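Analysis of the macromolecular model
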Amino acid sequence: MIDIADYKTVAEQSVTTWFKAAPVSAFPANGGACVLYKGKQIAVFNFTRRNEWYACQNLCPHKMQMILSRGMIGSEQGVPKVACPFHKRTFSLQTGACLNGDECAIATYPVKVEEGYVYIGFEE
Ligand code: FES
């Protein structure tokens, strides 16, 4: 059973493993999909409008739902964000901070795209 404590933000400079998640085509434009890494569900977003990629825990900390990959993505004052479909908590895709003022934050992960594949950075 995966717990919130299993998710920890990884900074780009601490990446020790680049996990080859899936081909770019597996991720809808301006949308997300969920991948599994060592039992952890990771939400990956193809933010086409910004020409950027983001990854975060799929677990919404509000009611502990595995759902964020199905959230709506957008920008708030330049900050890319995802809104949980259940109760509309929004989280920064850069820092993981909750933008509604709640304490709960989410873990975020570096993403890179190489030769048509999406990689997510983890610290082992
Ligand atoms: S479960 Fe995500 S906002 Fe409530």
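Since this is a predicted model, take the numbers as computed values, not measurements.

Quick look at the pattern of salt bridges now. Scanning all chains against the criterion turns up 6 salt bridges. The closest approach of N and O atoms between Glu 123 and Lys 8, which form a salt bridge, is 3.7 Å. Residue Glu 123 is located in the segment after strand S12 (117-122), and its partner Lys 8 is located in the segment before strand S1 (17-23); the two are separated by 115 residues in the primary sequence. Judged by relative accessible area, Lys 8 falls into the exposed class, the value being 54%. Where Arg 50 meets Glu 52, a salt bridge forms, and the shortest distance between an N and an O atom there is 2.7 Å. Take Glu 52: its relative accessible area is 27%, and that puts it in the partly exposed class.

Further remarks concern the sheet that holds strand S11 (residues 111-114). In space, the 3 strands of this open sheet follow the order S1-S12-S11, with antiparallel pairing throughout. The outermost strands of the open sheet, each flanked by one partner alone, are S1 and S11. In this sheet, neighbouring strand axes are inclined to one another by 30° on average, regardless of whether the strands run parallel or antiparallel. Bridge count between S1 and S12: 6 bridges; the pairing is antiparallel. Each bridged residue has a counterpart across the sheet, and for Thr 17 the counterpart in S12 is Phe 122.

About the cut-offs
- Residues numbered from 1 in each chain as written.
- Predicted model: local features only at pLDDT ≥ 70, side-chain atom pairs only at ≥ 80, totals over all residues.
- Heavy atoms only, no water.
- Salt bridge = Lys/Arg side-chain N within 4 Å of Asp/Glu carboxyl O.
- Helix = DSSP H or I, 4+ residues; strand = E, 2+ residues; numbered from the N terminus.
- Buried < 20%, exposed > 50% of the residue type's maximum accessible area, 1.4 Å probe, protein only.
- Pairing = 2+ DSSP bridges.
- Axes fitted to C-alpha atoms, helices over the stretch in contact; angles between N-to-C directions.

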